[in-house]
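For reference, the chains in residue letters:
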Amino acid sequence: MGTEETPGGDNRSRELPPEVRGVPAEPGDGAASGRDEQRDTQHDEPQDAKAPLSGRQRLAQGLWPPRVTRPQLIVALLLFVLGLGLAIQVRSNNDSSALRGARQEDLVRILDELDDRTQRLEGEKQRLEDQRTGLENSSDQAEEARKQTVEKERQLGILAGTVAAQGPGITLTIDDKKGSVEADMLLDAIQELRAAGAEAIQINDVRVVANTYLSDTDSGGVRVDGRKVGKPYRFKVIGKPQDLEPALNIPGGVVQTLEKEQATATVTRAEKIVVDALRAAKRPDYARSSSQ
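Here we summarise the structure given alongside this text. Since the model is a prediction, treat every value here as computed from it, not as a measurement.

Definitions and limits used
- By convention here, each chain's residues receive numbers from 1 onward along its written sequence.
- Local features in this predicted model are restricted to residues whose pLDDT is 70 or higher, and side-chain atom pairs enter the listing and the counts only when it is 80 or higher, whereas totals over whole chains, interfaces and linings include all residues.
- As a rule here, side-chain values cover all heavy atoms of the structure and leave hydrogens and water aside.
- Strands are runs of DSSP state E lasting at least two residues, helices are runs of H or I lasting at least four, and both sets are numbered from the N terminus onward.
- Residue exposure (1.4 Å probe, protein chains only): buried if accessible area is under 20% of the type maximum, exposed if over 50%, otherwise partly exposed.
- The contact definition used throughout considers only heavy atoms, calling two residues in contact when any of these lie within 4.5 Å.
- The span one expects for a helix is its residue count, reduced by one, times 1.5 Å.
- For two strands to be treated as a pair, DSSP must find at least two bridges joining them.
- Angles here are taken between N-to-C directions and fall from 0 to 180 degrees, while the axes themselves are lines fitted to C-alpha atoms, restricted in helices to the stretch in contact.
- In this scheme, a crossing is called left-handed if the near helix is turned counterclockwise away from the far one by less than a right angle; it is called right-handed if the turn is clockwise.
- In this description, a nonpolar core means a group of buried Ala, Val, Leu, Ile, Met, Phe, Trp, Tyr and Cys residues linked to one another through side-chain atoms lying within 4.5 Å.
- The rule for a salt bridge is simple: a side-chain nitrogen of Lys or Arg has to be within 4 Å of a carboxyl oxygen of Asp or Glu.
- What the arc measures is the spread of directions leading from the helix axis to the C-beta atoms.

**Thoughts on the overall build of the chain**
Here comes step 1: For the chain, the helix and strand inventory stands at nine helices and eight strands.
Here comes step 2: For the chain, with 292 residues in total, the buried portion stands at 22%.
Here comes step 3: Considering only contacts in the chain between residues 6 or more positions apart, those separated by 24 or more positions represent 72%.

**Focus on helix H7 (residues 183–195)**
Here comes step 1: End to end, H7 covers 18 Å across 13 residues, agreeing with the expected 18 Å (1.5 Å per residue, within 8%).
Here comes step 2: Every buried residue of H7 is accounted for by Ala183, Met185, Leu186, Ala189, Ile190 and Leu193.
Here comes step 3: Downstream of H7 by one or two residues, glycine 197 has phi in the positive range, about 100 degrees.

**Remarks on the sheet that holds strand E7 (residues 233–238)**
Here comes step 1: Strand order in this open sheet of five strands is E3-E2-E7-E1-E8, and the pairing throughout is antiparallel. Across the chains shown, the open sheet's two edge strands, defined by having one partner strand only, are strand E3 (206–208) and strand E8 (264–275). Along the sheet, successive strands turn relative to each other by an average axial angle of 25 degrees, direction set aside.
Here comes step 2: The pairing of strand E1 (residues 165–175) with E7 spans six bridges and is classified as antiparallel. Among the inter-strand pairings, threonine 173 is bridged to a residue of E7, identified as arginine 234.

**A closer look at the packing of H7 against helix H8 (residues 241–248)**
Here comes step 1: Contact geometry of H7 with H8 gives a least axis separation of 9 Å together with a crossing angle of 145 degrees. For the crossing formed where H7 meets H8, the hand is right-handed. Here Ala189, Glu192 and Leu193 of H7 lie close against H8, whose contacting residues are Leu244, Ala247 and Leu248.

**A short note on the nonpolar core**
Here comes step 1: Judged by nonpolar contacts, the single largest core of 32 residues is most densely connected at Leu193 and Phe235.
Here comes step 2: For this core, the leading source of residues is H7, giving six residues.
Here comes step 3: Not counting residues up to four positions away in its chain, the partners in contact with phenylalanine 235 are Ile170, Thr171, Leu172, Ile174, Leu186, Ala189, Ile190, Leu193, Ile201, Gln202 and Ile203.
Here comes step 4: Judged by nonpolar contacts, the second largest core, of six residues, contains Ala165, Ile238, Ile273 and Val275.

**Section: the environment of leucine 244**
Here comes step 1: Secondary-structure assignment places leucine 244 in helix H8.
Here comes step 2: Between the C-alpha atom of leucine 244 and that of arginine 194, which follows or precedes it by 50 residues, the distance is 8.8 Å.
Here comes step 3: Once you skip the residues sitting within four places of it in the chain, leucine 244 turns out to touch Gly169, Ile170, Leu193, Ala196, Gly197, Ala198, Val237, Ile238 and Gly239.

**What about the pattern of salt bridges?**
Here comes step 1: In total, this model carries six salt bridges according to the counting rule given.
Here comes step 2: Between arginine 154 and glutamate 151 there is a salt bridge; the shortest N-O distance is 2.6 Å. Placement of both arginine 154 and glutamate 151 in helix H6 (residues 141–160) is noted, with a separation of three residues, approximately one turn of the helix.
Here comes step 3: Under the relative-accessibility criterion, glutamate 151 is labelled partly exposed at 32%.

**Regarding the pairing of E7**
Here comes step 1: Summarising the sheet, strand E2 (residues 200–203) and E7 pair through four bridges and their orientation is antiparallel. Its bridge partner being in E7, glutamine 202 is matched across the sheet by lysine 236.

**Digging into the sheet that holds strand E6 (residues 227–229)**
Here comes step 1: Across the sheet, three strands lie side by side as E4-E5-E6; this open sheet has antiparallel pairing. Whereas interior strands pair on both sides, the edge strands pair on one side only; in this sheet they are strand E4 (214–216) and E6. Going across the sheet, the axis of each strand differs from the next one's by a mean of 40 degrees, ignoring polarity.
Here comes step 2: Bridge analysis of E4 against strand E5 (residues 222–224) gives three bridges, and the strand direction is antiparallel. Within E5, the position partnered with serine 215 by the bridge is arginine 223.
Here comes step 3: Packing of H7 onto the sheet brings it into contact with E4 and E5, and relative to E4 it is tilted by some 160 degrees.

**With respect to the environment of alanine 270**
Here comes step 1: Along the chain, alanine 270 turns up in strand E8.
Here comes step 2: For the pair alanine 270 and lysine 240, spaced 30 residues apart in sequence, the C-alpha to C-alpha distance is 9.9 Å.

**A closer look at H8**
Here comes step 1: Along H8, the residues classified as buried are Pro241, Asp243, Leu244, Ala247 and Leu248. Along the axis of H8, the buried residues cluster in a sector spanning 165 degrees; they form a single face.

This is the structure:
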C-alpha cells in the first residue's frame, strides 16, 4: 500500500511524505467514520441510558426542592396559628387546675362548700317560688304584695348597709404588729367571706357594701372607703359559721397568707353577731323608679 509504480515500470517504492501519512480520514471514509461513531456510541451510552425511577424516587423529586405557592403559604400560616391557639388553650386549662396537687381532705372540704352553696341557691329559689305562689293564691294580693315589699326592703337595706343586722356568724381578728398587712390581703378576706355566703360584713367601724374599696396609706395602714382603720383589723361577719370559718382556713387561703406575713389571724364563731355600722342612704341624681 505504501508503494507507487512509475510510468517506466520501475516498481521502486516511494515513501510518502510525513504530512501525507498523518492526514486524518475524511468524513466520507466509511471505515474511519464507523470507528468514530462506534467510539462515540460507547462513550455516550452510560450517560443516555438511564434506569427508570421508582415511585419513591419520583415522589422525592416532586417534593424536593419544594415549590411553595402563595395560597399554600397562607394556608400553612393559618394552620400554624390555629394549632398554636389550641396548644395554648390546652396548656392554660391544665395549668389552671389547682386541684391536682390538693390533698384528699382539701378536696372533701371544697366539695362540701360547693354542696352548701348549691343548697343556698336551692333555698333562695324555693323562697322565690313560695312568694310567687303566695301572690297567686292570696285573696288580698295587694296586702300580700305590700308585705313582700317591706321584707324585700329590709333585705336590701341590710345589703346596702343602711340598717343594722344581727345573726350567727364569726369574728375575724387580724393582729398586724409588723405592719406587713396590705389592702389587697384584706380584700381577699372579704372576697372569701362573700363567696362563703356572708350576708353582712363590718371592718372595725366601717360597713362593707358592694361598692366598698380598700387602699394602702403612706404610713403603712389601710383605708376602707377612704377612712383609715386602726389595728388590729376586726371583721364582724354574719352568715353560716360552718361555711365561713373553713373558707378562711383552706390551704393557701387567707389565714395561711397572713401567717406568712407574720400576722396573726384568729377566727371565732358566735351565735349572735351584731353589725351596727351604717351607711347613709344616697338618693340617685338621675335614676327614678319606672313605676312612677
